[in-house]
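# Coordinate inspection notes
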Amino acid sequence: MTLWFQRCDKWLMWAMKVLIIVSNLAVTGLVLFLVLARFVLGWSVVGVLELATLSAMWLYMCGAVVAARNKEHLVVDFLSLSLTSPRARALHDLAISLIMVVLSLFFIKLATDMVGWSIKRPQTTAALSLPLMIPQSAIVMASLLCGVYAIRDLVMAARAVFVGPLTAVKEE
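Being a predicted model, the structure only gives us computed values, none of them experimental. (Residues numbered from 1 in each chain as written. Predicted model: local features only at pLDDT ≥ 70, side-chain atom pairs only at ≥ 80, totals over all residues. Heavy atoms only, no water.)

## Comments concerning the overall build of the chain
If you tally the helices and strands in the chain, you get 5 helices and 0 strands. Traced from its N-terminal end to its C-terminal end, the chain shows the element sequence α-α-α-α-α. A compact globule built from 172 residues should have a C-alpha radius of gyration of about 16 Å, whereas the chain, at 20 Å, is more than 25% larger. Once the C-alpha set of the chain is aligned to its principal axes, its extents read approximately 65 × 40 × 35 Å. In the chain, buried positions account for 31% of the 172 residues. Within the chain, residue pairs in contact and separated by at least 24 positions form 74% of the contacts whose partners lie at least 6 positions apart. (Helix = DSSP H or I, 4+ residues; strand = E, 2+ residues; numbered from the N terminus. Rg over C-alpha atoms; globule rule 2.2 N^0.38 Å. Buried < 20%, exposed > 50% of the residue type's maximum accessible area, 1.4 Å probe, protein only. Contact = heavy atoms within 4.5 Å.)

## Observations concerning the pattern of salt bridges
Oppositely charged side chains can form a pair if their charged atoms are brought close together. Applying the stated rule across the entire model yields 4 salt bridges. Asp9 serves as the salt-bridge partner of Arg69, at 2.6 Å between the closest nitrogen and oxygen. Here Arg69, found in helix 2 (residues 48-69), pairs with Asp9, found in helix 1 (residues 2-40); they are 60 residues apart in sequence, far enough to count as distant. What makes Arg69 partly exposed here is its relative accessible area of 25%. Judged by relative accessible area, Asp9 falls into the buried class, the value being 16%. The partner of Asp113 in a salt bridge is Lys109, and the shortest N-O contact between them spans 2.8 Å. Placement of both Asp113 and Lys109 in helix 4 (residues 86-120) is noted, with a separation of 4 residues, approximately one turn of the helix. Residue classification places Asp113 among the partly exposed residues on the basis of a relative accessible area of 40%. You can call Lys109 partly exposed: its relative accessible area is 46%. (Salt bridge = Lys/Arg side-chain N within 4 Å of Asp/Glu carboxyl O.)

## Remarks on the packing of helix 1 against helix 5 (residues 133-162)
Two elements in contact, helix 1 and helix 5, have axes separated by 14 Å at closest approach and are oriented at 145°. Like other packed secondary-structure pairs, helix 1 and helix 5 cross with a definite hand, here left-handed. Where helix 1 abuts helix 5, its residues Asp9, Leu12, Met13 and Met16 lie against Met141, Leu145 and Tyr149. Here the residues of the contact of helix 1 with helix 5 sort into 6 nonpolar, no polar and 1 charged. (Axes fitted to C-alpha atoms, helices over the stretch in contact; angles between N-to-C directions. Left-handed = near helix turned anticlockwise from the far one by under 90°. Nonpolar A, V, L, I, M, F, W, Y, C, P; charged D, E, K, R; others polar.)

Just geometry here; none of it tells us what the structure is for.
Spelled out as structure tokens, the structure:
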């Protein structure tokens, strides 16, 4: 079963990298076009900013998923660096993982409430009339995947505490 999870993770990270590259190019290209059109050519192009913002939402949310997967989200490691005992570090990791699971569940709850509101009262963007569900879907995707990675971290931290650090599964 672990091999299946590793394959899913590898495929997911490939998809995230593609989405990050495409959305990054879109944001860069659209903002560059917007600036050149407005200040060099004197044009006012409708909808370009909306498309750039939509692309930026996907870029930010995909980046959040990659950071959660790699455990590179915001951390304050003063306490963890001062812990010398492997058991204390394992307990610290367990506490942090539990906090992240709770926060991820809150994030998922907010995302589902947002989707419920969007279904009840559908809205569109001002210029292009794009459904707001398009950028909101990035938030839903990020909340779910961050939740999955938070649960993965909790299981690994619990395994390190209760089974022991030598038999715990190591990440690559």
